[in-house]
Amino acid sequence: MTKINPQSPMREVLETFPGAQRALFRRYHIGGCSSCGFGPEETLAQVCARNGGLDVAEVLAHIQSSHEQDAKVLIAPRELAELLRQDKSVKLVDVRSREEFEAVHIEGSILLSQPVMQQLMASGSNTDPVIVVDHAGRNGMDAAAYFMGHGLQNVRCLRGGIDAWAQEVETKMRRYKLG
């Protein structure tokens, strides 16, 4: 793993710690909108300096800790396949576009929509397993964090998304790339 330091550009920070932007926004309100955003070549030290002189070591420790927490939320494709065989209460929630979902999806998954979200939130039980599926494992963590932030306790995210599922479990599934 690349050693991140105060002079590392944010592009490198995000490559090393994919959930860094979510972690920065959650704790420091950095990177979530245009007024608090940062550029890819801006260094971590520069971002900290212009956001109230944050302690770079503390911010980096938070990013690393969040990365470790994110890893605990991920579920490997083969682990998910086994879970689906054993537990029929698992809800697969697909957060891709309708077009992507209609083109290819994991059997039994449901496309996230407003009614699906309301049903999940109002189900009365927040311990049933919910697995978030995206294309390549980059956007699903945001949805998983949202659900966890709203009280769902057993939320995981498919590591590598449906693309990893197609490579490791359902090898005849059609794969695609996003532009």
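Quick caveat: nothing in here was measured; it's all calculated off a predicted structure. (Residues numbered from 1 in each chain as written. Predicted model: local features only at pLDDT ≥ 70, side-chain atom pairs only at ≥ 80, totals over all residues. Heavy atoms only, no water.)

Peer 1: How should I be thinking about the side chain of Thr43 in this particular structure?
Peer 2: Position of Thr43 relative to the elements: it lies in the loop between helix H2 (20-28) and helix H3 (44-49). Those residues within four positions of Thr43 in sequence are excluded, and the remaining contacts are Pro6, Gln7, Ser8, Pro9 and Met10. (Helix = DSSP H or I, 4+ residues; strand = E, 2+ residues; numbered from the N terminus. Contact = heavy atoms within 4.5 Å.)

Peer 1: For this particular structure, what's the right way to read the side chain of Ser109?
Peer 2: In this structure, Ser109 sits in the loop between helix H6 (98-103) and strand E3 (110-111). At 2.7 Å, the side chain of Ser109 and the backbone oxygen of Ile106 are in polar contact. (Polar contact = N/O pair within 3.5 Å; in protein donor to acceptor, adjacent residues only side chain to side chain.)

Peer 1: How do you make sense of the packing of aromatic side chains when you look at a structure like this?
Peer 2: Each aromatic ring pair is characterised by the separation of its centres together with the angle its planes make. A complete count under the given rule lists one aromatic pair for this structure. Between the aromatic rings of Tyr146 and Phe147, the centroid separation amounts to 6.0 Å while the plane-to-plane angle is 70°, which identifies the pairing as edge-to-face. Judged by its relative accessible area of 1%, Phe147 is buried. (Phe/Tyr/Trp six-rings, centres within 6.5 Å; stacked < 30°, edge-to-face > 60°. Buried < 20%, exposed > 50% of the residue type's maximum accessible area, 1.4 Å probe, protein only.)

Peer 1: Honestly, empty space enclosed by the protein in this entry has me stumped. Any pointers?
Peer 2: In this approach a probe as big as a water molecule rolls over the atoms, and the regions it shows empty are the leftover space. A full pass over the atoms with the stated rule returns two cavities of 30 Å³ or more. The space that makes up the second largest cavity amounts to roughly 40 Å³. Lining the second largest cavity are Val104, His135, Ile162, Asp163, Ala166, Met173, Arg174, Arg175 and Tyr176. Tallied by class, residues from the lining of the second largest cavity come to five nonpolar, one polar and three charged. (1 Å grid on protein atoms, 1.4 Å probe; cavity = no way out; pocket = protein on both sides within 12 Å on 5 of 7 lines; lining within 4 Å. Points joined across faces, edges and corners; volume = space filled by probe spheres on them. Nonpolar A, V, L, I, M, F, W, Y, C, P; charged D, E, K, R; others polar.)

Peer 1: How should I be thinking about the sheet that holds strand E5 (residues 155-158) in this particular structure?
Peer 2: Hydrogen bonds between backbone atoms are what pair the strands of a sheet, whose relative direction is either parallel or antiparallel. Ordered by their spatial adjacency, five strands build an open sheet running E1-E5-E4-E2-E3, and the pairing between neighbours is parallel. Looking at strand neighbours, the two that pair on one side only are strand E1 (74-75) and E3, the edges of this open sheet. Relative to E3, strand E2 (residues 91-94) runs parallel, the two being bridged by two bridges. Each residue of the ladder has a partner; that of Asp94, found in E3, is Leu111. (Pairing = 2+ DSSP bridges.)

Peer 1: I tried to follow the pairing of E2 on my own but got confused; where do I start?
Peer 2: In summary, the side chains of a regular strand alternate between the two faces of the sheet. Taken together, the four bridges between E2 and strand E4 (residues 130-133) define a ladder with parallel strand orientation. Bridge pairing in E4 places Val93 opposite Val132. Tracing the backbone out of E2, into H6 and back to the parallel element E3 gives a crossover that is right-handed. (Right-handed = clockwise from strand over helix to strand, strands pointing away.)

Peer 1: In this structure, what is going on with unusual backbone geometry? I would like to understand it.
Peer 2: Residues other than glycine predominantly adopt negative phi, and peptide bonds predominantly adopt the trans conformation. One non-glycine residue, His29, lies in the positive phi region at around 55°. Within the secondary structure, His29 is located in the loop between H2 and H3. Of the residues examined, His29 reaches a relative accessible area of 44% and is grouped as partly exposed.

Peer 1: Is there a simple way to think about helix H5 (residues 77-86) in this case?
Peer 2: Given 3.6 residues to a turn, an α-helix orients residues that are three or four positions apart in the same direction. Regarding H5, the residues found buried are Pro77, Leu80 and Ala81. On an axial view of H5, the arc spanned by its buried residues comes to 105°, and they lie on one face. Those residues of H5 that are exposed and angled more than 90 degrees off the buried face are Arg78 and Gln86. In this structure, the buried residues of H5 make contact with E1, E2, E4, E5 and helix H9 (161-168). (Arc of directions from axis to C-beta.)

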